[in-house]
Amino acid sequence: MLNPSVEDLMSLTEAEKRRLDEEGFLVLDGFMGTDLLARLRAQVEQVLAVEGERAGVEFKLEEGCQRLANLADKAEIFREAIVLPRLLPYVRHVLGPDIKLSSLHARSVNPHGAGAQPLHADMSAVADERGYWVCNTVWMLSDFTADNGTLRVIPGSQRWRRLPQQELADPRADHPAQVLVTGRAGAVVVVNAHTWHAGTANRTDHPRTAMHAFYCRRDRPQQQYQKRLLRPEVQQSLSAELRDLLALDDPLNDQVSAELAVRSGFLK
């Protein structure tokens, strides 16, 4: 397992740490820059076009959306993004130093398409005796507005150690404490994925697209078992840093990820 550098662990501001600790999410405006944003957009569009009706079949499909899964296998730019040194300190602040990629997906909400998702925690995860074990990063490839299917979050709910489906009569209904997370394309939202959250309905004439780089603690299962999904030629081409982040040489990951039953917080 590769050790994070001291510089990585020290790179968050105190205000960013407080926001993640107290509210459970943080918006990093302009994180991607224009070049990375353009490359990710183009690659997602290309994979959607190539896969057509089979897009997302490696994971789960969602009505009213186009989904892509297993993106670490599908282009170099995706592998570059998940290991960005500027990103991982935020993930480690939530999960601790020992992390791995859990899955890499994209989700495009069709115009006038999907209704609101139910509030959920990713993988139906509840913090354990060691603390938090799931953290998602939502890469805004489109502007996120109040009307186009943005993310809603219940600030502070990551500390409750309960799941919304256990507490709410209707997890799809508006919640009195919810906040809509809006921003310009190029931002990345870091979400403690125990925080109750959900996508909202897209009521506009344009799709709303995001990439989801989802991380977990080393001792917990991956949402998608990367060793099984990545083609041998891709695995052979990877740097030591990427092999470590994908847990390709980790016997514990082989044990906990190979036969996982619960993969999604709400998709069946």
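Residues numbered from 1 in each chain as written. Predicted model: local features only at pLDDT ≥ 70, side-chain atom pairs only at ≥ 80, totals over all residues. Heavy atoms only, no water.

A. Structural context of the overall build of the protein chain. Within the protein chain one finds ten helices and nine strands. Relative to its length of 268 residues, the protein chain is compact, with a C-alpha radius of gyration of 17 Å against a globular reference of 18 Å. In terms of overall dimensions, the protein chain has a C-alpha envelope of 45 × 45 × 35 Å along the principal axes. Within the protein chain, buried positions represent 57% of all 268 residues. When contacts within the protein chain are restricted to residue pairs at least 6 apart in sequence, long-range pairs at least 24 apart make up 86% of them. Of the charged side chains in the protein chain, 32 are positive and 36 negative; the average position of the first set lies 3 Å away from that of the second. (Helix = DSSP H or I, 4+ residues; strand = E, 2+ residues; numbered from the N terminus. Rg over C-alpha atoms; globule rule 2.2 N^0.38 Å. Buried < 20%, exposed > 50% of the residue type's maximum accessible area, 1.4 Å probe, protein only. Contact = heavy atoms within 4.5 Å. Lys, Arg positive; Asp, Glu negative; His and termini not counted. Charge placed at Lys NZ, Arg CZ, Asp CG, Glu CD.)

B. Main features of the pairing of strand S7 (residues 188–192). Here S7 lies mainly inside the structure; five of its five residues are buried. Because side chains alternate across S7, one face comprises the buried residues Val188, Val190 and Asn192, and the other comprises Val189 and Val191, equally buried. Note: strand S1 (residues 25–28) against S7, four bridges, orientation antiparallel. Among the inter-strand pairings, Leu28 is bridged to a residue of S7, identified as Val188. Sheet topology places strand S4 (residues 134–140) next to S7; five bridges connect them, and they run antiparallel. When the bridges of S7 are listed, Asn136 appears paired with Val191. (Pairing = 2+ DSSP bridges.)

C. Structural context of the packing of aromatic side chains. Counting across every chain of the model gives two aromatic pairs. Here the basic side chain of Arg19 rests over the ring of Phe25, its NZ or CZ set 4.9 Å away from the ring centre. The cationic tip of Arg86 hangs over the ring face of Phe31; the distance from NZ or CZ to the ring centre is 4.1 Å. (Phe/Tyr/Trp six-rings, centres within 6.5 Å; stacked < 30°, edge-to-face > 60°. Lys NZ or Arg CZ within 6 Å of the ring centre and 35° of its normal.)

D. A look at the nonpolar core. Judged by nonpolar contacts, the single largest core of 49 residues is most densely connected at Leu40, Phe78, Ile82, Leu104, Trp139, Met211 and Tyr215. No other element matches the six residues that helix H3 (residues 33–51) contributes to this core. Ignoring sequence-local partners within four residues, the contact set of Met211 consists of Leu40, Leu71, Phe78, Ala81, Leu104, His105, Ala106, Thr137, Val138, Trp139 and Leu141. With eleven residues, the next largest nonpolar core counts Phe25, Phe144, Val181 and Ala187 among its residues. (Core = buried A, V, L, I, M, F, W, Y, C linked by side-chain atoms within 4.5 Å.)

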